[in-house]
Amino acid sequence: MAEKKTTKAAAPKAAPKAAPAKKAAAPAKKVEVYFDAVNAGFKAGEVYQVLAAAGKAMTVAEIAKKAKASNEEVILGIGWLLKEGKVTSVDNKIVLA
């Protein structure tokens, strides 16, 4: 004799859950810049290489993106290069002198 399978009554469906609240944007990562001659020299080299490869005037933000450095580090390098006379400013952009 075959047994009959019993089924339970379907449970009532719960109302759909509300979407979770969005998290607030994470605070910007704090960048530590070491102000010493060695670091300034390395940053100046990175800035110089980016400008030489581009062959055109660039903003600080553009240089930072290409050099994968913070704006502060790029400004540190630009200061070094300005002092040496290797770069100049044209229309608020930096270009090799």
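Scroll up to find the structure this text is about.
Note that this is a predicted model, so its numbers are computed, not measured. (Residues numbered from 1 in each chain as written. Predicted model: local features only at pLDDT ≥ 70, side-chain atom pairs only at ≥ 80, totals over all residues. Heavy atoms only, no water.)

A. Region of interest: the packing of helix α1 (residues 37–54) against helix α2 (residues 60–67). For the pair α1 and α2, the least separation of the axes is 10 Å and the interaxial angle reads 100°. As the angle between them shows, α1 and α2 are arranged roughly perpendicular. Residues E46, V47, V50 and L51 of α1 form the contact with α2, whose participating residues are I63, K66 and A67. When grouped by side-chain class, the residues that make up the contact of α1 with α2 number five nonpolar, no polar and two charged. (Axes fitted to C-alpha atoms, helices over the stretch in contact; angles between N-to-C directions. Helix = DSSP H or I, 4+ residues; strand = E, 2+ residues; numbered from the N terminus. Parallel < 35°, antiparallel > 145°, perpendicular 65-115°, else oblique. Contact = heavy atoms within 4.5 Å. Nonpolar A, V, L, I, M, F, W, Y, C, P; charged D, E, K, R; others polar.)

B. Molecular detail of the nonpolar core. In terms of nonpolar packing, the biggest core is built from 14 residues, with V47, L51, I63, V74, I78 and I94 touching the most fellow members. Taken together, the elements giving at least two residues each to this core come down to α1, α2 and α3 (71–84). Per-element accounting of this core gives the leading share, four residues, to α1. Residues contacting V74, with those up to four places away along its chain left out, are V47, V60, I63, A64 and A69. (Core = buried A, V, L, I, M, F, W, Y, C linked by side-chain atoms within 4.5 Å. Buried < 20%, exposed > 50% of the residue type's maximum accessible area, 1.4 Å probe, protein only.)

C. Structural detail: the pattern of salt bridges. Counted according to the given criterion, the structure contains two salt bridges. Put simply, K43 and E46 hold a salt bridge, and the shortest N to O gap is 3.6 Å. Here the residue K43 and the residue E46 both occupy positions in helix α1, the gap between them amounting to three residues, near one helical turn. Relative accessible area serves as the criterion here: at 13%, K43 is assigned to the buried category. Here the salt bridges do not stand alone but share partners, grouping K43, E46 and E73 into one network. (Salt bridge = Lys/Arg side-chain N within 4 Å of Asp/Glu carboxyl O.)

D. Focus on the pairing of strand β2 (residues 93–96). As judged from the four bridges shared by strand β1 (residues 87–90) and β2, these two strands associate in the antiparallel manner. Paired with V87 across the strands is L96, a residue of β2. (Pairing = 2+ DSSP bridges.)

E. Geometry of the environment of I63. Here I63 shows up in helix α2. Overall, the relative accessible area of 0% leaves I63 in the buried class. As for I63 and E46, which are separated by 17 residues in sequence, their C-alpha atoms are 9.1 Å apart. Look past the residues within four positions of I63 in its chain and what remains in contact with it is V47, V50, L51, M58, V74, I78 and I94.

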